[in-house]
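Listed below are the residues making up each chain.
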Amino acid sequence: FVVDAGLVTAGELEGARRLYARGAQVLLAAAPDAALDVHGHDLRTACHGGHVPVARTPVVPPRTARWSQLAGAGGVQALGTPQASIQALVDQVNKLNLENGVISLSSNFSRNSTVPTYIDPARDQIVAQLQGMGYSPTLQSFSGSHGDNVVVEIPGAVNPNSWVVMGAHYDSRNLSGSTASAPGADDNASGSSSILEIARVLVGAGPFENGIRLMWFAGEEYGLLGSAFDASQAASGGQEIVGMINLDMNSYRAPGDARDCDFATNNTSAALTAFCDATAALYVSNWASTSGVLSAGSSDHASYNANGFPAVFFFEDLNNYFSQIHTSQDFYPQSTNDFDLSEMITKGAFASALVLADPLDLQITHAPLPDTTDGFGPYGVTAQAQSFVGSTITAVSLHYSGDGGQNYTTVALAPSGGDWVGDIPALGSPLTIRYFLTAQDDQGNFEELPKGAGGGTGQPFDFFVGTRTPFFVDDFETAGDNGWTHGGTGQDDWMHDVPSGSCGDAPAATSGTRIWGNDLGPSGFNGCYSNNVANWLRAPVVDCSAATSVELQFQRWLQVEDGNFDQAEIWVNGVQVWQNPLGSDLIDTQWTAFSLDVSAQAAGNPSVQVEFRLTTDGGFTLGGWNLDDFELVELGPATGTPPTSYCQGKLNSNFCLPFVSFVGVPSASSTAPFRIVGEDVMPDEFGILVYGLNGRANLGFHNGTLCVKAPLTRLLPPKNSGSGGGGLCPGVLRRNFNSHIQSGNDPALTAGRQVNAQWFYRDPGVDSFNDGLTDGAEFVIAP
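**Student:** Mind showing me how you'd approach the nonpolar core here?
**Tutor:** Side chains of nonpolar character tend, in soluble globular proteins, to be buried together. Ranked by internal contacts, the top residues of the largest apolar core, which has 61 residues, are Leu202, Leu214, Trp216 and Phe314. If one sorts the elements of this core by residue count, helix H8 (residues 339-357) sits on top with 12 residues. In this structure, Phe472, Trp578, Leu586 and Leu614 belong to the second largest nonpolar core, which totals 34 residues.

**Student:** Even after reading the chapter, I still don't get the sheet that holds strand S13 (residues 379-387), so can you show me in this structure?
**Tutor:** What holds strands together in a sheet is hydrogen bonding between their backbones, with the strands either parallel or antiparallel. Spatially, 4 strands are ordered S12-S13-S17-S16 in an open sheet, and the strand pairing comes out antiparallel. Single-partner strands in this sheet number two, and they are strand S12 (362-366) and strand S16 (414-416). Averaged over all pairs of adjacent strands, the angle between strand axes in this sheet comes to 35°, irrespective of strand direction. Sheet topology note: the S16/strand S17 (residues 419-424) ladder contains 3 bridges and is antiparallel. By the bridge assignment for S17, Pro415 is matched with Trp420.

**Student:** For this particular structure, what's the right way to read the side chain of Ser227?
**Tutor:** For Ser227, the location among the structural elements is in helix H5 (residues 225-236). The class for Ser227 is buried, based on a relative accessible area of 0%. Within the structure, Ser227 has its side chain in polar contact with the side chain of Ser303 (distance 2.9 Å). Ignoring anything within four residues of it in the chain, the contact list for Ser227 reads Asn149, Phe217, Asp300, Ser303 and Tyr304.

**Student:** Explanation requested: the packing of helix H2 (residues 95-106) against helix H4 (residues 185-202) in the structure shown.
**Tutor:** If you want to describe how two helices pack, look at the angle between their axes and the distance between the axes. Where H2 meets H4, the closest approach of the two axes is 8 Å, and the angle between their N-to-C directions is 130°. On the basis of their axis angle, the class for H2 and H4 is oblique. Both H2 and H4 take part in a crossing whose hand is right-handed. The segment H2 lies against H4, with Asn97, Leu98, Gly101, Val102, Leu105 and Ser106 engaging Ala185, Ala189, Ser190, Ser192, Ser193, Ser194, Glu197 and Arg200. Looking at the contact of H2 with H4, its residues break down into 5 nonpolar, 7 polar and 2 charged.

**Student:** Even after reading the chapter, I still don't get empty space enclosed by the protein, so can you show me in this structure?
**Tutor:** Over the atoms, a rolling probe the size of a water molecule traces out where space has been left empty. A complete count under the given rule lists 1 cavity of 30 Å³ or more for this structure. A volume near 40 Å³ is recorded for the largest cavity. Looking at the largest cavity, the residues that line it are Ser172, Arg173, Ala182, Pro183, Gly184, Asp187, His326, Thr327 and Asp330. Of the residues that constitute the lining of the largest cavity, the class distribution is 2 nonpolar, 4 polar and 3 charged.

**Student:** It is not clear to me how helix H3 (residues 116-133) should be interpreted in this structure. Could you clarify?
**Tutor:** Helical periodicity: at 3.6 residues per turn, an α-helix aligns residues three or four positions apart in one direction. Between its terminal C-alpha atoms H3 stretches 25 Å, which fits the 26 Å expected from 18 residues at 1.5 Å a residue. Check the buried side of H3 and you find it contacts H2, strand S4 (138-140), strand S5 (149-154), H4 and strand S7 (210-217). Following H3 by one or two positions, Gly134 has its phi on the positive side, about 105°.

**Student:** Would you take a moment to explain the sheet that holds strand S40 (residues 713-720) for this structure?
**Tutor:** Read across the sheet, 5 strands follow the order S34-S43-S42-S37-S40 without closing on themselves; strand pairing throughout is antiparallel. The sheet is open, and its two edges are formed by strand S34 (644-646) and S40, each paired on a single side. Averaged over all pairs of adjacent strands, the angle between strand axes in this sheet comes to 25°, irrespective of strand direction.

**Student:** How should unusual backbone geometry be read in this particular structure?
**Tutor:** When glycine is set aside, most residues are seen to have a negative phi, and most peptide bonds are trans. At the junction of Tyr332 and Pro333, the peptide bond is cis and its omega measures out at 0° in the coordinates. Tracing the backbone through its elements, the reader meets Pro333 in the loop between strand S11 (311-315) and H8. Put simply, Leu449 and Pro450 share a cis peptide bond, and its omega is -10°. Note that Pro450 resides in the loop between strand S19 (446-449) and strand S20 (461-465). One non-glycine residue with positive phi stands out, namely Phe655, at about 60°. Its place among the elements puts Phe655 in the loop between S34 and strand S35 (659-663). For Asp684, which is not a glycine, the phi torsion comes out positive at approximately 55°. Secondary-structure assignment places Asp684 in the loop between strand S36 (675-681) and strand S37 (686-692).

**Student:** Teacher, can you tell me more about the state of the cysteines here?
**Tutor:** As used in these notes, a disulfide is a covalent bond between sulfur atoms, one from each of two cysteines. This model, assessed by the stated rule, comprises 3 disulfides. Between Cys503 and Cys528 runs a disulfide, and the two sulfur atoms are separated by 1.8 Å. Residues Cys503 and Cys528 share a disulfide whose torsion about the S-S bond is about 90°; that sign makes it right-handed. Note that Cys503 is positioned in the loop between strand S23 (494-497) and strand S24 (515-518) and Cys528 in the loop between S24 and strand S25 (534-538), a separation of 25 residues in sequence. One exposure class covers both Cys503 and Cys528, and it is buried. What pairs with Cys656 in a disulfide is Cys729, and their sulfur atoms sit 2.0 Å apart.

**Student:** I tried to follow the pattern of salt bridges on my own but got confused; where do I start?
**Tutor:** Note that side chains of opposite charge can pair when their charged atoms are close. Using the criterion set out here, one finds 22 salt bridges in the structure. The closest approach of N and O atoms between Arg762 and Glu685, which form a salt bridge, is 4.0 Å. Of the two residues, Arg762 sits in strand S42 (residues 754-762) while Glu685 sits in the loop between S36 and S37, which places them 77 residues apart along the sequence. For Arg762, a relative accessible area of 42% corresponds to the partly exposed category. Across the pair Arg696 and Glu778 runs a salt bridge, and its minimum N-O distance is 2.9 Å. Of this pair, Arg696 sits in strand S38 (residues 696-701) while Glu778 sits in strand S43 (residues 771-780), and the two are 82 residues apart along the sequence. Classification of Glu778 as buried rests on a relative accessible area of 15%.

**Student:** How do you make sense of H4 when you look at a structure like this?
**Tutor:** Between its terminal C-alpha atoms H4 stretches 24 Å, which fits the 26 Å expected from 18 residues at 1.5 Å a residue. Counting buried residues along H4, 17 of its 18 residues qualify, which places the element largely inside the surrounding structure. The positive-phi residue at the C-terminal boundary of H4 is Gly204, with phi of around 80°.

**Student:** What am I meant to see in the environment of Ala122 here?
**Tutor:** Along the chain, Ala122 turns up in helix H3. Ignoring anything within four residues of it in the chain, the contact list for Ala122 reads Leu105, Asn108, Arg111 and Tyr170.

**Student:** Would you explain the environment of Cys656 in this entry?
**Tutor:** Turning to its location among the elements, Cys656 is positioned in the loop between S34 and S35. For Cys656, a relative accessible area of 10% gives the class buried. Placed 72 residues apart in sequence, Cys656 and Leu728 show a C-alpha to C-alpha distance of 7.4 Å. Once residues within four sequence positions are removed from consideration, Cys656 is found in contact with Lys650, Leu651, Asp680, Leu728 and Cys729.

**Student:** Looking at this structure, how should I read the packing of helix H6 (residues 270-283) against H8?
**Tutor:** Two elements in contact, H6 and H8, have axes whose closest approach is 8 Å; the angle formed by their N-to-C orientations is 110°. It follows that H6 is roughly perpendicular to H8 by the angle criterion. Along its contact with H6, which presents Leu272, Phe275, Cys276, Thr279, Ala280 and Tyr283, the element H8 presents Gly348, Ala351, Ser352, Val355 and Leu356. Split into classes, the residues belonging to the contact of H6 with H8 amount to 8 nonpolar, 3 polar and no charged.

**Student:** Can you help me understand the packing of aromatic side chains in this one?
**Tutor:** The way to describe two aromatic rings as a pair is by their centre distance and the angle between their planes. By the definition in use, this model includes 30 aromatic pairs. The interplanar angle of 45° and the centroid separation of 5.2 Å between the aromatic rings of Phe313 and Phe315 together place this pair among those described as tilted. The class of Phe313 is buried, set by a relative accessible area of 0%. Residue Phe315 is classed as buried on the basis of its relative accessible area, which comes to 0%. Plain terms: the ring middles of Tyr408 and Phe436 are 5.0 Å apart, the flat faces sit at 75° to each other, and that makes the pair edge-to-face.

How each quantity is defined
Residues numbered from 1 in each chain as written. Predicted model: local features only at pLDDT ≥ 70, side-chain atom pairs only at ≥ 80, totals over all residues. Heavy atoms only, no water. Core = buried A, V, L, I, M, F, W, Y, C linked by side-chain atoms within 4.5 Å. Buried < 20%, exposed > 50% of the residue type's maximum accessible area, 1.4 Å probe, protein only. Helix = DSSP H or I, 4+ residues; strand = E, 2+ residues; numbered from the N terminus. Pairing = 2+ DSSP bridges. Axes fitted to C-alpha atoms, helices over the stretch in contact; angles between N-to-C directions. Polar contact = N/O pair within 3.5 Å; in protein donor to acceptor, adjacent residues only side chain to side chain. Contact = heavy atoms within 4.5 Å. Parallel < 35°, antiparallel > 145°, perpendicular 65-115°, else oblique. Left-handed = near helix turned anticlockwise from the far one by under 90°. Nonpolar A, V, L, I, M, F, W, Y, C, P; charged D, E, K, R; others polar. 1 Å grid on protein atoms, 1.4 Å probe; cavity = no way out; pocket = protein on both sides within 12 Å on 5 of 7 lines; lining within 4 Å. Points joined across faces, edges and corners; volume = space filled by probe spheres on them. Expected span 1.5 Å × (residues − 1). Disulfide = S-S within 2.5 Å. Salt bridge = Lys/Arg side-chain N within 4 Å of Asp/Glu carboxyl O. Phe/Tyr/Trp six-rings, centres within 6.5 Å; stacked < 30°, edge-to-face > 60°.

Now the structure itself:
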């Protein structure tokens, strides 16, 4: 137990052993049933000014979340302006409602969670207020000795298992005894009132991509009991808590003290705290803040932090908070003298929760590009963008990278018949190209696909350009070990099993169900690797004698301490080829594609063996290796024949000579688009693509040239040329020929078949025929 040294007397230390002292705090050890009493607190107590039990379980590293990095296109801060729909909700928070909520809740004689006649009326009061707003709150019972948690949930429309939790404890306590007056105005009618006001504003709001869970906890004053129950239920139920926002004491300001929000750094996520601080500054005009260690104890956020969920604590003042909490003197207005402060803190917390919940204002849909053997490019990207708030989509952008995501090039997509289209140029081969999409509307709303790709917290789309020759592939789904072996000194905890998500491990395989990893958390294990071990996992021997280059590829979810203390290593034929970095822990919070050129050790070698090692010291432990989809492959350059153009287009009425261009590869199987594009045509006119299977033609037709030998097939419906091309003839006609190939409407369109095509379009005024023609296109359908 960590206790305040100022509260400890010689008599009160009976049955406890002092382990460590630092400043005003002392670490004590005591048996669970020891008669230890620290100024009226029993062993269950954990609150401001009380002592905190130290659990003998590992603290789980925080899970992934979109906000983990603020930089890049994925962060709302990158826009520089508030999102209008969020700002409108934040502005509705009312200072008078916050004050009236504190008056109402603190009018209870006591809200001690161990006395039903005190805690139940307060619970029923909150429930009645929520029902009056139109909610159907539920009660969460966690102990026969304490009151209930009160819960309101607004499910997410896109991610039903992802939640933003906003919570405050509504119980109060007087340390003089369970029947003494405990109005608890600041601690914590103030935070409870904030959550009630947020509930009022949220009536009818949304929808949101992630759900919002509003909670009023009981039992905080006796050891964070209510929040500990909910956090453990969320963890065991496999829920994703993208962020827990705790409000506990926000209405008192000492004379002369600055009006600012203080963020506690203990038992909280530094990344989430930084995110909330930046977000609050974006949405709250008078925002001011500071941060530091709260030495007076902890609060309900610590329960979520201990279960691996990122948490943040909005607080009134780390050093000058109201000093007479847990007494009868914590009453309105003495202990709640600044509702301007409460309003500022409530708005900042609310804005942060709304950004995390992500209003369903815009949506981008896109079919990811598959791997390709075409090295000529360009690679066509087609997306759809939709508004759910009646706004106009003003821009959709494509961000692509050929250097592993270190640098992205941004290009604007062009509207085309309800789609947004653009191209990734050829960047060479063999190469993996990564990309993501963003959209904006005229109301300042912003969306990204995939989530977090721009900020490095989510995986972008990717596709491989080139050829792949596999020498060994294992997705680990076989019942046996398929030739893999393991061993070492100390505990050998390598397992071939279904992961459990314990100790920060992967909650599921990246494909299928089974993976290899250190301590995957089955019954009797906690998911963390052990101290003082040196164990290894070896792949079967692989013959790479025919390879001129070899790439090691697999999916990785690795959590390991700083390389100065614990070492995760990869060895190939007795040569170390990779180790975790020195100076910082390596914490994967999602499956990450890992690739490494091991040609020096493997190319031309008939006996190649890859080995994963883990060596640990006697200190901190984490989840260790998680591996899936292992491959040794040779990567080669792209192949294929590029489409060509021929023949002569017809000069149109604006004196432009229309021509065809190509995006992508014609394929009998690929879902990637192959677009035949008619450029420099007349704007806002309709055109039809025709094709034939009998080769080229060069025949006079309508004062132009027919370039395709009959019989001809027309692709309907006609396409509108729009005006996105620029110049005197800004019209552009586009048709995805692959979608026609794969529709099966023309059985003759098979791999290896040569196709010739040409665009016909309307051109009023050019001549008596009123039409125009591009030149011809010729291509061969790839497999």
